[in-house]
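Observations on the model geometry
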Amino acid sequence: MIKAILIDDEPLSRSLIKEYLERYPEIRIVQECQDGFEGVKAIMQHQPRLIFLDIQMPKINGFEMLELIERPPAVIFITAFDEYAIRAFEQNAVDYLLKPFSQERFAKAIEKFMEHSGDPLSATATQPLLSAAALSPQQRERIVVKTGGKIKIIRVEDIHYLEAADDYVKIYTKEGSFLKNRTMAYFEDLLEKDQYVRTHRSFMVNIQQITRIEPYEKEGRLAVLKTGEKIPVSKSGYARLREVLDV
Amino acid sequence: MATSPLAPFRNRLIFAACWLLWIAVQYQTLLEFQIDPAIALTDACLSNTLLAAMLALTIYILGLYRPQKKKYLFLLVWCLALSGLWAVIVKISLANLFDDQPDYLLFLAKSMPIRFDITFLVAGCAAITSMLWYSQEEQKQQESRKRYAEKLERDAELYKLRQQLQPHFLFNSLNSISALTVSQPEQARKMIQRLSEFLRGALKKEDQQWVTLADELQHLQLYLEMEQMRFGHRLSTEIVHDEKSPAFLLPPMLLQPLVENAIKFGLYDTTDHAVIRIKASVDRDLLTISVENPFDPATASPKQGAGFGLSSVQRRLYLLFARNDLLSASAENNTFLTILKIPRHDQGHPDR
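Okay, so let's go over this structure.

Okay, the overall build of chain B next. Per the secondary structure count, chain B includes nine helices and seven strands. Nonlocal contacts in chain B, meaning residues at least 24 apart in sequence, comprise 72% of its contacts between residues at least 6 apart.

So, about the sheet that holds strand S7 (residues 335-343) of chain B. Residues and elements named next belong to chain B. In space, the five strands of this open sheet follow the order S2-S4-S5-S7-S6, with mixed pairing throughout. Every other strand in the sheet has two partners, leaving strand S2 (235-241) and strand S6 (327-332) as the edge strands with one partner each. Averaged over all pairs of adjacent strands, the angle between strand axes in this sheet comes to 15°, irrespective of strand direction.

Here helix H5 (residues 167-183) of chain B spans 25 Å end to end across 17 residues, near enough to the 24 Å set by a 1.5 Å rise per residue. Buried residues in H5 of chain B make contact with helix H1 (11-21) of chain A together with helix H6 (185-204) and helix H7 (213-231) of chain B.

Moving on: the nonpolar core. Among the nonpolar cores identified, the biggest contains 97 residues, and Ile 51, Phe 52, Ile 76 and Val 205 of chain A together with Val 259 of chain B are the most heavily contacted of them. With near-sequence residues (within four places) excluded, Ile 51 of chain A lies in contact with Ala 4, Ile 5, Ile 7, Ile 43, Pro 73 and Val 75 of chain A. One finds Leu 51, Ile 59, Cys 79 and Leu 82 of chain B within the second-largest nonpolar core, a separate group that totals 14 residues.

What follows covers the pairing of strand S7 (residues 150-155) of chain A. Alignment of strand S6 (residues 142-147) of chain A against S7 of chain A, held across six bridges, turns out to be antiparallel. The residue of S7 of chain A that forms the bridge with Arg 142 of chain A is Arg 155 of chain A.

Turning to the environment of Glu 141 of chain A, a few remarks are in order. Relative to the helices and strands, Glu 141 of chain A resides in helix H8 (residues 137-141). For the pair Glu 141 of chain A and Leu 190 of chain A, spaced 49 residues apart in the sequence, the C-alpha separation amounts to 9.1 Å.

The subject of this paragraph is the sheet that holds strand S15 (residues 230-233) of chain A. Residues and elements named next belong to chain A. Read from one edge to the other, the open sheet built from three strands follows the order S13-S14-S15, with strand pairing classed as antiparallel. On the outer flanks of this sheet lie strand S13 (210-216) and S15, each paired with one strand and no other. Ignoring strand direction, the axes of neighbouring strands in this sheet form an average angle of 30°. Across six bridges, the pairing between S13 and strand S14 (residues 220-225) is antiparallel.

Right, let's talk about the interface of chain A and chain B for a bit. Every contact between the two is made by 21 residues of chain A and, on the other side, 22 residues of chain B. If you list the elements that add at least two residues to the side of chain A that touches chain B, you get H1 and S7 of chain A.

It is worth spelling out the pairing of strand S8 (residues 161-165) of chain A at this point. All names here are of chain A. Note: S8 against strand S9 (residues 168-173), five bridges, orientation antiparallel. When the sheet's bridge partners are listed, Tyr 161 is paired in S9 with Tyr 172. Once S8 ends, the chain turns through two residues before running back antiparallel as S9, passing Asp 166 with a positive phi of about 50°.

Before going further, it helps to examine the packing of H5 of chain B against H6 of chain B. Residue and element names in this part refer to chain B. Two numbers describe how H5 lies on H6: the axes approach to 7 Å, and their chain directions differ by 155°. Considered as vectors, H5 and H6 are oriented roughly antiparallel to each other. In terms of crossing hand, the pair formed by H5 and H6 is left-handed. Residues Ser 173, Ser 176, Ile 177, Leu 180 and Thr 181 of H5 form the contact with H6, whose participating residues are Pro 185, Gln 187, Ala 188, Met 191, Ile 192 and Leu 195. Across the contact of H5 with H6, the residue classes tally to seven nonpolar, four polar and no charged.

All names here are of chain B. Contact pair helix H2 (residues 37-64) / helix H3 (residues 71-97): the axes reach a minimum separation of 10 Å and the direction vectors enclose 150°. One finds that H2 runs roughly antiparallel with respect to H3. Of the two possible hands of crossing, H2 and H3 adopt the one that is right-handed. Within the contact between the two elements, H2 uses Thr 42, Asp 43, Leu 46, Ser 47, Leu 50, Leu 51, Met 54 and Thr 58 and H3 uses Leu 82, Trp 86, Ile 89, Val 90, Ser 93, Leu 94 and Leu 97. Of the residues belonging to the contact of H2 with H3, the class tally is 10 nonpolar, four polar and one charged.

Thresholds applied
- Residues numbered from 1 in each chain as written.
- Chains lettered and ligands numbered in written order.
- Predicted model: local features only at pLDDT ≥ 70, side-chain atom pairs only at ≥ 80, totals over all residues.
- Helix = DSSP H or I, 4+ residues; strand = E, 2+ residues; numbered from the N terminus.
- Contact = placed C-beta atoms within 7 Å.
- Pairing = 2+ DSSP bridges.
- Axes fitted to C-alpha atoms, helices over the stretch in contact; angles between N-to-C directions.
- Expected span 1.5 Å × (residues − 1).
- Core = buried A, V, L, I, M, F, W, Y, C linked by C-beta atoms within 7 Å.
- Buried ≥ 20, exposed ≤ 12 C-beta atoms within 10 Å, placed from the backbone.
- Parallel < 35°, antiparallel > 145°, perpendicular 65-115°, else oblique.
- Left-handed = near helix turned anticlockwise from the far one by under 90°.
- Nonpolar A, V, L, I, M, F, W, Y, C, P; charged D, E, K, R; others polar.

Set out below in structure tokens:
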């Protein structure tokens, strides 16, 4: 039996997938979820092999939800009309279904999943998809993290600074720090270049937070934030800062 | 400014070749008249180089200024003056250079009229050619501007059409219908009818034609009913209005985006039940419509303020009324409130 989870906020859309799935007794929907929060919980609990995932959902979208899962299962996306999403899917997702889709089209997606379900790549194929995906406008404005059992949405402008920590990046805000399993390079790509400056190999700072820059030891400098925290600034980081601050 | 005929490399090459050819022809001709080869070469080079320089100047000036009327008269006068000036310079400089050669001086004096004629012909040809070139260039530029303007217009129209049809909404509704056909065919039929009515209404709408609030609300009702079918128990709507407001006229497609926005934020920013409240009232000559939806202040970005996708409504209001204070948005606790005000127009069709 193949465990699957269905995540879509529209009841009618869910019922259509369930109807189409009646022809596949080997695939069993172990849980239906109305939003990404429920989705994350259900995936952790059931460890499904396949998820049907809507993209536009309350609170966090389908992409953001997948970011929160360590080893995402195979995904079949369901969407109405998302140009940016379609671009990304073409290469990596198991499949994507454009609403409204037929039983035949659905069957093809399942077939595709079955073909690949044996190879270990199918689960990991989602990861490159996420990094390759052109980010949705929402994802440029906020960052979704998991803290304890909870999901936290951080507005980009609320970030004070970022610090690299092994395979993670630590995000500092006024509410404390949060870990995100992404690299500094990812954030450099994501965040506005004229607002967030990589001051150091391991640090990136929101320039709105800087009050002053003071010298430190021989060549180095420190950026002092409104909170009083001091962030290392390397030589090249200082050059980037000066360029952005135009001094 | 149109590109000069001397801008392309090929044309410069042609110009230079003509210049050299003309030198050679004149040199050969002078030899026929038994002129000393050294003098003949100087004569040919000097007169033709001067001519070439003057023609280049003419082409340049025509690039800067071309008369709109009587352009051929202008060219005629210009070329006559140019040739005259050319003849004077040639005559004086050659006479000074070879003042010890009486035979040549005599020949020069005699040949001046024919030299003037030939120069006038050459200058005329060059000037007319470049004039034609310039007008052709101008025409090309005009055409490309026209094409560009047409493209912009087409794009805007397509965009408008796309907005009217709202593909996202359309596809989602079709998907809901697809889901309903097997389990609840009656509901499916109802939804098809609503969708058709909604589309017909959307296609009928014209930018200029003002509509009554009653019509607008009816159209909105279709939309809301379909959204309710899609989202089931999560969405409910309340529409309240006073006695006077249904007959009030307002520009079309101002209310719809506000409600779409409210639904989008109400449904996608919270996971709870969302109630969208729409209230309309008339106070003297002002129609006030408020749209209320729940939102989560912790995750929605307040920076966007009246933004929230409302900027296009704001712009339309400005274009219609030249006022920026007709749309306001505020957030309190967990409620987002948008207020739209429409002044009364006596004729109802102020744009006509």
